[in-house]
Amino acid sequence: MIVIFQLSIIFAFLALGELTVWLTGIPVPSSVVGMLLLAAALQGGVVKLRQVEGTADFLVRNLGFFFVPAGVGLMEHFGLIREQWLPIVVAAAVSTVLVLGVTGWFHQLCRKYLSRNGGGK
């Protein structure tokens, strides 16, 4: 019974994310929006960690299982991947470097802001 309750909370936030994306039209996956809403609810104390912890731990422990359909989909399109391997590799490399650079820059920016406002170490 507890698992059903915990899953219902998680799926409720997934539905809220879907509704938010549908109403606003923002170009962000609804699952990401739902996860952010759940994180905000946890941070704000609206949802207690114990209310979702067991099911969330189970889902995280079995996360690899959820990538099986994506892996099968890749195998179905292996011919296309073989034809387009160079753009795929270049895009992956460039995006990785960009993400690392932007993350590092943003971290430095946050550290400077926090040190000026007394919140840094």
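Quick caveat: nothing in here was measured; it's all calculated off a predicted structure.

Scoring rules and cut-offs
- Residues numbered from 1 in each chain as written.
- Predicted model: local features only at pLDDT ≥ 70, side-chain atom pairs only at ≥ 80, totals over all residues.
- Heavy atoms only, no water.
- Core = buried A, V, L, I, M, F, W, Y, C linked by side-chain atoms within 4.5 Å.
- Buried < 20%, exposed > 50% of the residue type's maximum accessible area, 1.4 Å probe, protein only.
- Helix = DSSP H or I, 4+ residues; strand = E, 2+ residues; numbered from the N terminus.
- Contact = heavy atoms within 4.5 Å.
- Patch = residues over 30% accessible without salt bridge, like charges linked within 9 Å, V, L, I, M, F, W, Y side chains within 5 Å.
- Areas by Shrake-Rupley, 256 points an atom, 1.4 Å probe, with all protein chains shown as cover.
- Salt bridge = Lys/Arg side-chain N within 4 Å of Asp/Glu carboxyl O.
- Expected span 1.5 Å × (residues − 1).
- Arc of directions from axis to C-beta.
- Axes fitted to C-alpha atoms, helices over the stretch in contact; angles between N-to-C directions.
- Parallel < 35°, antiparallel > 145°, perpendicular 65-115°, else oblique.
- Left-handed = near helix turned anticlockwise from the far one by under 90°.
- Nonpolar A, V, L, I, M, F, W, Y, C, P; charged D, E, K, R; others polar.

Q: A description of the nonpolar core should follow, citing residues and the corresponding values.
A: Ranked by size, the top nonpolar core spans seven residues in total: Ile 9, Ile 10, Phe 13, Leu 38, Ala 41, Val 47 and Val 52. Among the secondary structure elements, those contributing two or more residues to this core are α1 (2–24) and α2 (30–44). Setting aside anything within four residues of it in sequence, one finds Val 52 in contact with Gln 6, Ile 9, Ile 10, Leu 42 and Val 47.

Q: How would you summarise a nonpolar patch on the surface if you had to cite specific residues and measurements?
A: A surface patch of nonpolar side chains, amounting to about 620 Å² of accessible area, comprises Leu 63, Phe 65, Phe 66, Phe 67, Val 68 and Val 72. Within the secondary structure layout, Val 68 lies in helix α4 (residues 68–76).

Q: Explain the environment of Val 46 to me, and be specific about the residues and the numbers.
A: Among the secondary structure elements, Val 46 is positioned in the loop between α2 and α3 (53–61). For the pair Val 46 and Ala 93, spaced 47 residues apart in sequence, the C-alpha separation works out to 40 Å. Beyond its immediate chain neighbours, meaning those up to four positions away, Val 46 contacts Ala 41 and Gln 51.

Q: Can you lay out α2 for me, pointing to particular residues and giving the numbers?
A: Between its terminal C-alpha atoms α2 stretches 21 Å, which fits the 21 Å expected from 15 residues at 1.5 Å a residue. The complete set of buried residues in α2 reads Ser 30, Val 33, Gly 34, Leu 38 and Ala 41. Buried residues along α2 cover an arc of 140 degrees about the axis, so they all sit on one side. Of the exposed residues in α2, those oriented more than 90 degrees away from the buried face are Met 35, Leu 36 and Gln 43. Each element contacted by the buried residues of α2 is listed here: α1. The positive-phi residue at the C-terminal boundary of α2 is Gly 45, with phi of around 85 degrees.

Q: Lay out the packing of α1 against α2 with the relevant residues and their values.
A: Close contact between α1 and α2 brings their axes to 7 Å; oriented N to C, the two are set at 120 degrees. By the angle between their axes, α1 is oblique relative to α2. Along this stretch, α1 crosses α2, giving a crossing that reads as right-handed. Side by side, α1 and α2 meet where Phe 13, Leu 14, Leu 16, Gly 17, Glu 18, Thr 20 and Val 21 of the first sit next to Ser 30, Ser 31, Val 33, Gly 34, Leu 37, Leu 38 and Ala 41 of the second. Of the residues that constitute the contact of α1 with α2, the class distribution is eight nonpolar, five polar and one charged.

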